[in-house]
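Breakdown of the fold
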Amino acid sequence: MKTLIRQGRLVDPVTGIGGVMDILIENGKIAVIGSTILDQEAEIIDARNLMVCAGLVDMHVHLREPGFAYKETIETGTRAAAAGGFTTVACMPNTRPVIDSPERVAFVLEKAAASCGVRVAPIGAVTVGQKGEEITDFEALKAAGAVAFSDDGVPVQNANLLRDALILAHRQGCPVLSHCEDADMVKDYAVNEGRISRQLRLPGRPAIAEELQVTREAMLAEETGCAVHICHISTAKSVNIVRRYKRRGVHITCETCPQYFTFTEDEVLTQGAMARVNPPLRTPADVEGIIQGLQDGTIDAIATDHAPHGAEEKARPLTEAPSGMVGLETALAACLTQLYHTGKMSISDILRKLTINPAGILRIPGGRLALGGEADLVIFDPNEEWTVNPERFASKGRNTPFAGKRLKGKVKYTISDGEIIYQE
């Protein structure tokens, strides 16, 4: 089977390929990239006035299966990924049961193979049951297909145990992804500690709870040599800490999410539980610090932390509702709206953080356009405006603070292994 993408504007941050070109896909591979390709046997995709890049890679999603199929399944989560332009997603292990054994890694891969064509890279738990007491068998998890290790959602609090885990992960050549919050400081509080928490008369999650653990992880990365990745970084000081350790040559990377450069803690006043997320939405100064970190390269990747919940759960009062928001179907548009159309970043720099950088951190294929390589592509209109309507999501989750917002940038096609897996 052949597909010919005609007259799309290519953007490839890796090779620097750009300009209006054709792409011929044959047998699931990129066969030809050129200015004028003729092939009468190929199915034609008219990409005039559209952009074409490598399929997006999300290194941080929650697919909820096994155990929470009412929130999301691997099938619905991957369909949401395809609708958002993602061809690869890495799923966190905080399911029920936890993805802490080779059998559970195999379960995820089997389910993913039967889904829409989005590749799923499982992340294994650092500790058995995410209880923070006993390290899992990293060697067995990697052999089964796990690409990294994390106790995301239940951060490892014992520094000695985490140090041992980093040493073991380093031997396996795998990164450890860390959710940085001091559990004793944040408990189950709903909002950032500060002006809004005081206004609502609620205890808050202080910024220093994140910053202390970012510092701890950076020091442990330096001492052990393990690749450590900081999940969903949210404060300006956390960005500064990572920046400082990077300059020292420490193998540390980090990601942020669209919510942390789009919204501030004030969103809680109008959206309540829909704006509840861990770590919480922060201050305008933190938003500015996140954007600066994206601009100067301190922040390596943009992830979604896609975290679907049931409608009844998110309808609860702010202090009782679960934390998290969906993001796969709004991520690219949010990035273009907040970063590209405001002139803060180029499309090439944004796409680098959504493609090759996360793939490189996880040491997995994908994230690049290459002759002879897998035909994983997204075709999008960077200028089309649309209103976010969660009822039209492919995800089971409707919990997004972007509901009703106008965004600029729309996915038109997602192609995986040469097959169209999403078409608007």
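Residues numbered from 1 in each chain as written. Predicted model: local features only at pLDDT ≥ 70, side-chain atom pairs only at ≥ 80, totals over all residues. Heavy atoms only, no water.

As for the pattern of salt bridges
With the rule as written, the count across this model stands at 26 salt bridges. Residue arginine 104 pairs with aspartate 100 through a salt bridge whose shortest N-O separation is 2.6 Å. Assessed through its relative accessible area of 14%, aspartate 100 is described here as buried. A salt bridge links glutamate 374 to arginine 119, with the nearest nitrogen and oxygen atoms 3.8 Å apart. A residue pair is termed long-range when its members are at least 10 positions apart, and glutamate 374 in the loop between α15 (356-362) and β16 (377-387) and arginine 119 in strand β8 (residues 119-124) qualify at 255 residues. Connected through salt bridges with shared partners, the residues Lys29, Arg119, Glu374, Asp376 and Asp417 form a single ionic network. (Salt bridge = Lys/Arg side-chain N within 4 Å of Asp/Glu carboxyl O. Buried < 20%, exposed > 50% of the residue type's maximum accessible area, 1.4 Å probe, protein only. Helix = DSSP H or I, 4+ residues; strand = E, 2+ residues; numbered from the N terminus.)

Concerning the side chain of histidine 60
Structurally, histidine 60 is set in strand β6 (residues 56-61). Side chain to side chain, histidine 60 and aspartate 152 meet in a polar contact 3.2 Å long. A polar contact of 2.7 Å, which involves the side chain of histidine 60, links it to the side chain of glutamate 255. Not counting residues up to four positions away in its chain, the partners in contact with histidine 60 are Ala90, Met92, Asp152, Cys231, His232, Glu255, Ala303, Thr304, Asp305 and His306. (Polar contact = N/O pair within 3.5 Å; in protein donor to acceptor, adjacent residues only side chain to side chain. Contact = heavy atoms within 4.5 Å.)

Description of the packing of helix α4 (residues 159-172) against helix α7 (residues 207-224)
In contact at an axis separation of 10 Å, α4 and α7 are set at 45° when each is read in the N-to-C sense. Between α4 and α7, the angle falls in the class oblique. At the point where α4 passes α7, the crossing takes the right-handed sense. Here Ala159, Leu162, Arg163, Leu166, Ile167 and His170 of α4 lie close against α7, whose contacting residues are Arg216, Glu217, Leu220, Ala221, Glu223 and Thr224. Grouping the amino acids of the contact of α4 with α7 by side-chain chemistry returns six nonpolar, two polar and four charged. (Axes fitted to C-alpha atoms, helices over the stretch in contact; angles between N-to-C directions. Parallel < 35°, antiparallel > 145°, perpendicular 65-115°, else oblique. Left-handed = near helix turned anticlockwise from the far one by under 90°. Nonpolar A, V, L, I, M, F, W, Y, C, P; charged D, E, K, R; others polar.)

Note that all results are geometric; they support no functional claim without further evidence.
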